[in-house]
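# What the coordinates show
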Amino acid sequence: MNEVKPGTLYLVPTPIGNLADITERAVDVLRQADVIACEDTRHTRILLDHLGIGGHVVSYHEHNKKEAGPKLIAMLEEGKSVAQVSDAGMPVISDPGADLVRLALEASIPVVPLPGPNAALTALVASGLDARQFAFIGFLPKITAKRKKLLEDMSRVPVTLIFYEAPHRIKETMDTLITALGDRKAVTARELTKKFETFERGTLSSLRARMDEEDPRGEYVILVEGWNESMEEETEEASGWQDEAMKLAETMPLKEAARQTAGKYHLSRREVYQFLLGTRS
Ligand code: SAM
């Protein structure tokens, strides 16, 4: 049995789908912790019930962290052990937890991370893309200007880029990535560790086109090849299609200009159409 120390904050990863993906150590810590801080108490109860753990759960999430954080720190200072979990995967990674870690460190409370499930790394290792160096971006910012700036900064970073996205926004995000990064090699990893786990490999536009054939469902990680020098030429070619699309659009409806350009340059019609729409706004 891995013993839990008093007055210590444990970051405990939980399964991202398959309930068997929890480590013995994680179970030991959850079993012994005085308090389990979680995003959604009902959700975490399902996991705890599965593991046969009672546990005192308290909620700690984006919307109550200002009040809940200091309360948890007070408990830690009293000598209680706290296990922090999120709904799935590694706490802190695109999940609550970072603020609690900061508060704990400021109060000189020991923070002990446990290794375990994480969607980004699980997707990366089977993607076939370069895994020696990568940048984890997670969810793109919702604010357009911030999103644009981030992708501009990333567009010349020579390492694999990893994004998270919810199924209802994935088509729009794929369009954004095509426009910002060009039509690079990409992989989508869907429903990792679950029954319908699926990896699709291709280019951003080919993967995007498949999403029109079958509506995206489930959870996705998107991985995109990093920048390399040969993309300079492609960018020049890209500006070729953009010039041509804009010229055609002067004399015909946007949809027709997009259709003709997409056919000639083997691009997705939607990508060209979105580009033309952007030139009009
Ligand atoms: N903390 C988690 C981790 O360590 O991976 C991430 C939590 S974040 C709120 C949820 C996002 O992670 C989803 O929208 C999806 O992009 C990704 N994700 C989580 N579980 C996944 C799975 N089983 N398959 C694919 N992507 C997953």
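Residues numbered from 1 in each chain as written. Predicted model: local features only at pLDDT ≥ 70, side-chain atom pairs only at ≥ 80, totals over all residues. Heavy atoms only, no water.

What follows is about the environment of glutamate 213. By the secondary structure assignment, glutamate 213 is in helix α8 (residues 204-213). Between the C-alpha atoms of glutamate 213 and lysine 247, which are 34 residues apart in sequence, the distance is 30 Å. (Helix = DSSP H or I, 4+ residues; strand = E, 2+ residues; numbered from the N terminus.)

Before going further, it helps to spend a moment on the site of the ligand. Close contacts around the ligand come from 19 residues, with Ile93, Asp95, Asn118, Tyr164 and Tyr220 the closest. In this structure, a nitrogen atom belonging to the ligand sits 2.8 Å away from a main-chain N or O atom of isoleucine 93. Taking tyrosine 164, its side chain carries an N or O atom lying 2.7 Å from an oxygen atom of the ligand. Counting only elements with at least two residues in the shell around the ligand, the list comes to β7 (160-165) and β10 (220-224). When its residues are assigned to classes, the shell around the ligand shows 11 nonpolar, 3 polar and 5 charged. Each of two domains, domain 1 (9-113) and domain 2 (119-227), supplies a minimum of three residues to the shell around the ligand. (Near = heavy atom within 4 Å. Polar contact = N/O pair within 3.5 Å; in protein donor to acceptor, adjacent residues only side chain to side chain. Nonpolar A, V, L, I, M, F, W, Y, C, P; charged D, E, K, R; others polar. Domains from an automatic or database assignment.)

All told, the structure shown has 16 salt bridges when counted by the stated rule. Across the pair aspartate 99 and lysine 65 runs a salt bridge, and its minimum N-O distance is 3.0 Å. Placement of aspartate 99 in helix α4 (residues 98-106) and of lysine 65 in helix α3 (residues 65-77) is noted, with a sequence separation of 34 residues between them. Judged by relative accessible area, aspartate 99 falls into the partly exposed class, the value being 29%. Classification of lysine 65 as partly exposed rests on a relative accessible area of 21%. A salt bridge links glutamate 191 to lysine 194; its shortest N-O distance comes to 3.4 Å. Residue class for glutamate 191 comes out buried when judged on its relative accessible area of 15%. Linked by salt bridges that have partners in common, Lys171, Asp175, Arg208, Asp212, Asp215 and Arg270 make up one network. (Salt bridge = Lys/Arg side-chain N within 4 Å of Asp/Glu carboxyl O. Buried < 20%, exposed > 50% of the residue type's maximum accessible area, 1.4 Å probe, protein only.)

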